[in-house]
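Each chain is listed here by its residues.
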Amino acid sequence: MTSLAPQLIPTCAELATAVAQASQQGKTIGLVPTMGALHAGHLSLVKASTAECDCTVVSIFVNPTQFAPHEDLEKYPRTLKRDLELLADYNVDFVFSPSADEMYPAGCSTFVDPPEVARSLEGAFRPDHFRGVCTIVLKLLNAARPTIAFFGRKDFQQALVIRRMAEDLNVPTNISVQPIIREPDGLAMSSRNQYLSPEERAQALVLSRSLHAAETLVAGGESDAAAVLAAMKELFDQAGVTDIDYLSLACPDTLAPVQTIAGPVVALIACRVGATRLIDNQILTPPPQI
Ligand code: PAF
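Residues numbered from 1 in each chain as written. Predicted model: local features only at pLDDT ≥ 70, side-chain atom pairs only at ≥ 80, totals over all residues. Heavy atoms only, no water.

J.: Run through helix α7 (residues 156–168), naming residues and quoting values.
T.: Taking 1.5 Å per residue as the helical rise, α7 with its 13 residues ought to reach 18 Å, and the 18 Å between its terminal C-alpha atoms agrees with that figure. Taken together, the buried positions of α7 are occupied by Phe156, Gln157, Gln158, Ala159, Leu160, Val161, Ile162, Met165 and Ala166. Buried residues belonging to α7 abut α5 (122–125), α6 (129–144), β5 (148–152), β6 (174–178), β8 (265–273) and β9 (276–284). In the segment just after α7, Asn170 is the residue with positive phi, at about 55°. (Helix = DSSP H or I, 4+ residues; strand = E, 2+ residues; numbered from the N terminus. Expected span 1.5 Å × (residues − 1). Buried < 20%, exposed > 50% of the residue type's maximum accessible area, 1.4 Å probe, protein only. Contact = heavy atoms within 4.5 Å.)

J.: Please provide a residue-by-residue account of the side chain of Ser210, values included.
T.: Its location among the elements puts Ser210 in helix α9 (residues 205–219). Using a relative accessible area of 0% as the deciding quantity, one classes Ser210 as buried. Ignoring sequence-local partners within four residues, the contact set of Ser210 consists of Met232, Leu235, Phe236 and Ile269.

J.: Mind laying out the pairing of strand β7 (residues 243–250), listing which residues take part and the relevant values?
T.: Along β7, 6 of the 8 residues are buried, which leaves the element largely enclosed by surrounding structure. Two strands pair when backbone bridges link them, and β7 and β8 are joined in this way by 7 bridges, in the antiparallel orientation. Each residue of the ladder has a partner; that of Leu249, found in β8, is Ala267. (Pairing = 2+ DSSP bridges.)

J.: An account of empty space enclosed by the protein is requested, with residue identities and associated values reported.
T.: Scanning all chains against the criterion turns up 1 cavity of 30 Å³ or more. In this structure, the largest cavity encloses a volume near 60 Å³. Contributing to the lining of the largest cavity are Lys154, Leu187, Ala188, Ser190, Asn193, Ala204, Leu207, Leu278, Ile279 and Asp280. Broken down by element, the residue count for the lining of the largest cavity peaks at 3 residues, all from β9. Of the residues in the lining of the largest cavity, the class split is 6 nonpolar, 2 polar and 2 charged. (1 Å grid on protein atoms, 1.4 Å probe; cavity = no way out; pocket = protein on both sides within 12 Å on 5 of 7 lines; lining within 4 Å. Points joined across faces, edges and corners; volume = space filled by probe spheres on them. Nonpolar A, V, L, I, M, F, W, Y, C, P; charged D, E, K, R; others polar.)

Okay, structure coming up:
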């Protein structure tokens with residue numbers, strides 16, 4: 001495969017010029033927003049973008065406003081050189097890698113108030129997280145003016161929040177949500193997996209295992225959400241993972257908790273394995289009613 005390094009763009013003004021030129025040539029623009037430390041999950045979004053759009057922009061920006069003061073902003077992996085090398089094999093046109101001052105210049109004081117669906121789950125445990133996510137995503141959408149923006153389903157709530165924001169604020173971009181990419185043993189790909197020690201990496205398999213157990217129970221006809229959650233919790237206890245923010249069965253559109261499973265529900269997990277906070281989710285589908 002011939003590799004062609006993408007053009008590295010550091011400012012919003014240069015990005016606007018680059019995508020305006022592509023648009024004038026009649027090209028569709030795909031945007032893949034990331035915080036870097038790219039893995040196969042990100043690359044699946046890049047592949048979707050290059051398959052569906054004529055010109056692909058990957059943004060790499062560790063967004064400070066979505067981290068709480070006690071979170072991992074400082075230690076979040078920053079691997080720009082390696083990320084650019086990886087992207088060279090994927091037909092990416094532009095990598096937008098701005099500084100924090102470029103995205104939040106002195107005096108910048110406007111933030112997006114996230115939609116209702118941001119309140120529970122991640123929103124309850126990370127109170128300003130979605131305010132930061134919505135603000136940066138809207139700024140990236142305004143800077144890149146994409147036809148389609150690509151996000152991963154691993155951040156299930158984030159995808160719902162961004163879809164709702166785009167609809168509510170009349171953003172003329174399609175939001176495409178792509179499947180979770182997992183390691184062969186089931187662990188969902190995440191830039192934070194590299195924080196895990198080998199023992200923690202083994203313990204972390206409880207997330208995907210408990211989702212699989214829940215899927216099997218629901219597919220077998222279990223309709224009591226409390227029973228499914230109890231079975232999942234039992235697996236966490238056995239794995240010695242006790243620092244759980246939430247285990248939830250919820251409506252896939254609103255994230256309202258479900259008591260009786262009468263249609264597809266989403267199982268969502270957030271927990272800490274050692275000091276590393278991990279999330280995962282899966283749609284659970286009951287058997288058809290006869
Ligand atoms: O999912 C992420 O990596 C980030 O939340 C995003 C969408 C790039 C915004 O910083």
